[in-house]
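Coordinate analysis (summary)
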Amino acid sequence: MHTGNNQVRVRFAPSPTGYLHVGGLRTALFNYLFARKHGGTFILRIEDTDQKRSIPGALENLITTLTRTGLQHDEGPDVGGDYGPYIQSERMDIYKTYIQQLLDSGKAYYCFCDEERLNRIREEMRKRKRPPMYDGKCIGLSKDEIADNLDRGRPFVIRLRYPKEGKTVFDDVVRNKVAIDNSIVDDQVLIKSDGFPTYHFASVVDDHLMKITHIIRGEEWLSSVPKHIFLYESFGWEVPVFVHLPLLLNADRSKLSKRQGDVSVESYLEKGYLTEALLNFIALLGWHSADDREIYSLRELEEAFSLERINKAGAVFDLEKLNWMGGTYIRQLDVAYIADQSRRFFEEAGIDISDSDKYLKVIGTARDYVYCLSMIVEHARMFYDTMTFSEEDHDLLGQEGSKRVLSYMIEALGGQETWSPDDVSALVKKAIGDLGTKGKNFYFPVRLALFGSCHGPDIPTLIGIFGRDEAVKRLSDALHLKQ
RNA sequence: GUCCCCAUCGUCUAGUGGCCUAGGACACCGGCUUUUCACGCCGGCAGCCGGGGUUCGACUCCCCGUGGGGACGCCA
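Residues numbered from 1 in each chain as written. Chains lettered and ligands numbered in written order. Predicted model: local features only at pLDDT ≥ 70, side-chain atom pairs only at ≥ 80, totals over all residues. Heavy atoms only, no water.

What follows deals with the overall build of chain A. When helices and strands are tallied, chain A shows 19 helices and 11 strands. The C-alpha radius of gyration of chain A comes to 32 Å, more than 25% above the 23 Å expected for a compact globule of 483 residues. With the C-alpha coordinates of chain A rotated into their principal frame, the extents come out at 105 × 50 × 40 Å. Counted over contacts in chain A with a minimum sequence separation of 6, partners at least 24 positions apart contribute 74%. Within the structure as shown, chain A displays about 23300 Å² of accessible surface, and the carbon and sulfur contribution to it stands at 49%. Across chain A, the centroid of the 62 positively charged side chains sits 6 Å from that of the 72 negatively charged ones. (Helix = DSSP H or I, 4+ residues; strand = E, 2+ residues; numbered from the N terminus. Rg over C-alpha atoms; globule rule 2.2 N^0.38 Å. Contact = heavy atoms within 4.5 Å. Areas by Shrake-Rupley, 256 points an atom, 1.4 Å probe, with all protein chains shown as cover. Lys, Arg positive; Asp, Glu negative; His and termini not counted. Charge placed at Lys NZ, Arg CZ, Asp CG, Glu CD.)

Rendered as C-alpha cells:
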C-alpha cells in the first residue's frame, strides 16, 4: 500500500471513441478530486490501442470537453509532462520491450490459434458448464515450432501465462477484500495480432511507468484485477491501490447506456446545463459526505472528497434531480455570469441583446423558469419580440373591461416620471382601486399586452424591464388591436 | 452457464450494535407567498429484499436464499 509519503498520482484513461460519457466524467471527477485533495497529479492518458474503434477528432473533442468542465489535467497529450507520451499508440516501442521481458521469463507465450478454434473451445466449455477460456494449447510450443510459425508469417498473439493454482486476494478501497480463484482467470491476450497491446497489458505498463499510485476506475474492471496484479508481480513492480467505482445505471438499473437517455457530456453542455451543476450532481452519484450537504462547488468538493466515502452500490442517473440542481445553480450563481453563459443561445435565436442593462434584467427574471440555459430564450424572447396574439388573446383583449384597464394604465403610466418596481406597485394598487376591478381582470390583460402571456413575471418587474415608453407602446398596441 | 460484486423511501443517499418512533435531497401531494405563473418558504406521503442465526439488544455482525449488476473478447 502506498502511504502518505508518496506523491499521489492518478489518471483518467479514456478511449477516443467519440464523445465523453457521463460515466467517464464521473471517473475523471473522482480522480481529479482525489488528486487535488492530496496535492497530487491528475493525468490524462489516451487508450487508443483499438484501431477499429478510434475516431478521428475524438481526442480533441475529449480534451475540449474535459477542459470545459474544469477538470484540468496536469499531464497529458496536450500539456505534456515527464512521463509521456500520453497516447498509447505512440508508446509501441515501450510495450515491445516489456512484452519481450515477459516472453523471456516464461510469463507470456506466443499463441497461433485462430478465431475459429477459439470460438469452438469456448462454446464447448460453456456447454460443459465451465467458464469459457483458452485451453493453453500453444503453451507447449517448442522454440523451433514458434520460430517456424513466425518465419511463415502466421498471425499470432501473445498471451499471459496465468498460473491456475490458488486464489488471488486483493484489497480494494471501496470493496475491501476481494478473492478470485486463479483457476478461472484466463490466459489473457496481451499483444494482439496487429501488434497493438490490449488494455490489460498497456495499462499496467503505463500505470507503472507513469508512477500511478491509485487506480480509480469503474467496477467493470474488478474481475480482471488478478491478471493485472500478476503482471505487476511478474515485473517486480509495486501494485497500486485499487479503487473500483460503482457503476452508473439506467432507470431500469442496467449499465448506463445511450439507448435509454442522453449519456454524452457534450450534449448536456450544449443544452446549457451549467458545468457547476453537472459536476455537483455527478459527484453525488456514488459519493456523499457524512452530513446532509448536497450543494458543492468544485473547490469545495476538492476539500470534502474522500475515497472512504464512496458507495458500493450502483447509482441510477436521475435526470429529475440533475434538472433540479441545474435550476438551483442558475438561480444561485451571479446573474452576470448566467447572462454571459446564456449569450450564445440568444445569438443563435437571432435576438439582439446589445442593451446589456435590459439583458441583465431579463435574465434576472427568466432564470426562475429554467434548469438549463437553452430554455432561457423561450422565457426571455417576449421581452424582445413584437407581440403576436392568438384568437383567445384577441378575445380577452377585446373585452370592454380589458380595454378600460389598458386605457387607464396607458394614461397613468404616461404621467409617471419614475417607474421603479415600488412606483409601479403603488400605481397598480391605485389602478385596481380606481377601476374597482378584480385582480385577475386587471393583471391578465395587462400582462398579456406587455408580455404576450397571462402568466409570467409580475407587472412591476415587466414594466421595470421595458421602461415606461415601451410599456405604454405595448399597452396601446394591444388596445388598438384589429379584431 | 461460470465467477465476482452489490442490496435503506420511486430515485440519490445518512446510518459502522442501543442515539432509529430510520435522517436529508429529488420527484410527488398539500399549504403559505404572489390577487397570475415561476421562484421561495412550510408541511406531508413514502424505505431497512426474505429467512435463519449471534446478542440483553440488530438497518447495522454471520449464514442461506432471493433479486439486481458486472466480467467471462485479438473492446476498453
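Judged by how many residues are buried, helix H6 (residues 199-209) sits mostly within the fold: nine of 11 residues are covered. Those residues of H6 that fall on the buried side of the exposure criterion are Tyr 199, His 200, Phe 201, Ala 202, Ser 203, Val 204, Val 205, Asp 206 and Asp 207. Next to the buried residues of H6 lie strand E1 (9-12), helix H3 (92-104), strand E7 (189-191), strand E8 (214-218) and helix H7 (225-235). Where H6 terminates, the next one or two residues include Lys 211, which has phi positive at roughly 55°. (Buried < 20%, exposed > 50% of the residue type's maximum accessible area, 1.4 Å probe, protein only.)

All right, on to the packing of aromatic side chains then. The description of an aromatic ring pair uses the distance of the two centres, along with the angle that the planes make with each other. Summed over the entire model, instances satisfying the criterion amount to 24 aromatic pairs. Ring geometry for Tyr 110 and Phe 156: centres 5.1 Å apart, planes at 65°, overall edge-to-face. Here Tyr 110, found in strand E3 (residues 108-111), pairs with Phe 156, found in the loop between helix H5 (143-151) and strand E4 (157-160); they are 46 residues apart in sequence, far enough to count as distant. Taken together, Tyr 268, Tyr 273, Phe 281, Phe 317 and Tyr 371 form an aromatic cluster joined through their ring pairs. Between the NZ or CZ atom of Arg 26 and the centre of the ring of Phe 30, over which it lies, the distance is 5.3 Å. The side chain of Arg 159 reaches across the aromatic face of Tyr 134, ending 3.9 Å from its centre. (Phe/Tyr/Trp six-rings, centres within 6.5 Å; stacked < 30°, edge-to-face > 60°. Lys NZ or Arg CZ within 6 Å of the ring centre and 35° of its normal.)

Ordered by their spatial adjacency, three strands build an open sheet running E3-E4-E7, and the pairing between neighbours is antiparallel. Two strands lie at the open edges of the sheet, namely E3 and E7, each paired on one side alone. The sheet shows a mean angle of 45° between the axes of neighbouring strands, taken without regard to direction. In terms of strand pairing, E4 meets E7 through two bridges, oriented antiparallel. (Pairing = 2+ DSSP bridges. Axes fitted to C-alpha atoms, helices over the stretch in contact; angles between N-to-C directions.)

For the rest of this paragraph, the subject is the confidence of the model for chain A. With 98% of its residues at a pLDDT of 70 or more, chain A has an overall mean of 94. Within the model, the stretch residues 1-5 combines pLDDT values under 50 with seven contacts to residues more than four positions away or in other chains. At the level of chain-chain contacts, confidence expressed as ipTM amounts to 0.95, with global pTM at 0.94. (pLDDT = per-residue confidence, 0-100.)

This part takes up the pattern of salt bridges. Counting across every chain of the model gives 28 salt bridges. Two residues, Asp 50 and Lys 52, come together in a salt bridge whose shortest N-O distance is 3.5 Å. Using a relative accessible area of 74% as the deciding quantity, one classes Lys 52 as exposed. Here the salt bridges share partners, and the residues they tie into one network are Arg 11, Arg 45, Glu 47, Arg 91, Asp 206 and Asp 207. (Salt bridge = Lys/Arg side-chain N within 4 Å of Asp/Glu carboxyl O.)

This part covers the protein's contact with RNA strand B. By nearness alone, 64 residues border RNA strand B, and Lys 192, Asp 368, Tyr 369, His 455 and Gly 456 come closest of all. Expressed as a percentage, the sugar and phosphate content of the atoms of RNA strand B within 4 Å of the protein is 74%. Within the side chain of Lys 192, an N or O atom sits 2.6 Å from a phosphate oxygen of RNA strand B. Put simply, the parts of the chain that give the surface near RNA strand B at least two residues each are helix H4 (115-127), strand E6 (176-181), strand E11 (315-316), helix H11 (319-332) and helix H17 (439-451). A breakdown of the residues in the surface near RNA strand B according to their chemical character gives 27 nonpolar, 12 polar and 25 charged. (Near = heavy atom within 4 Å. Polar contact = N/O pair within 3.5 Å; in protein donor to acceptor, adjacent residues only side chain to side chain. Nonpolar A, V, L, I, M, F, W, Y, C, P; charged D, E, K, R; others polar.)

Here we come to the pairing of E8. A large share of E8 lies buried, amounting to five of its five residues. Inspection of the sheet shows E8 paired to strand E9 (residues 241-245) by five bridges, in the parallel sense. Residue Arg 217 lies in a different strand from E9, and its bridge partner there is His 244.

Tracing the chain through its elements places Asp 78 in the loop between helix H2 (58-69) and H3. Between the C-alpha atoms of Asp 78 and Leu 150, which are 72 residues apart in sequence, the distance is 38 Å. Sequence-distant contacts of Asp 78, defined by excluding residues within four places in its chain, comprise Ile 63 and His 73. One polar contact links Asp 78 to His 73, side chain to side chain, over a distance of 2.7 Å.

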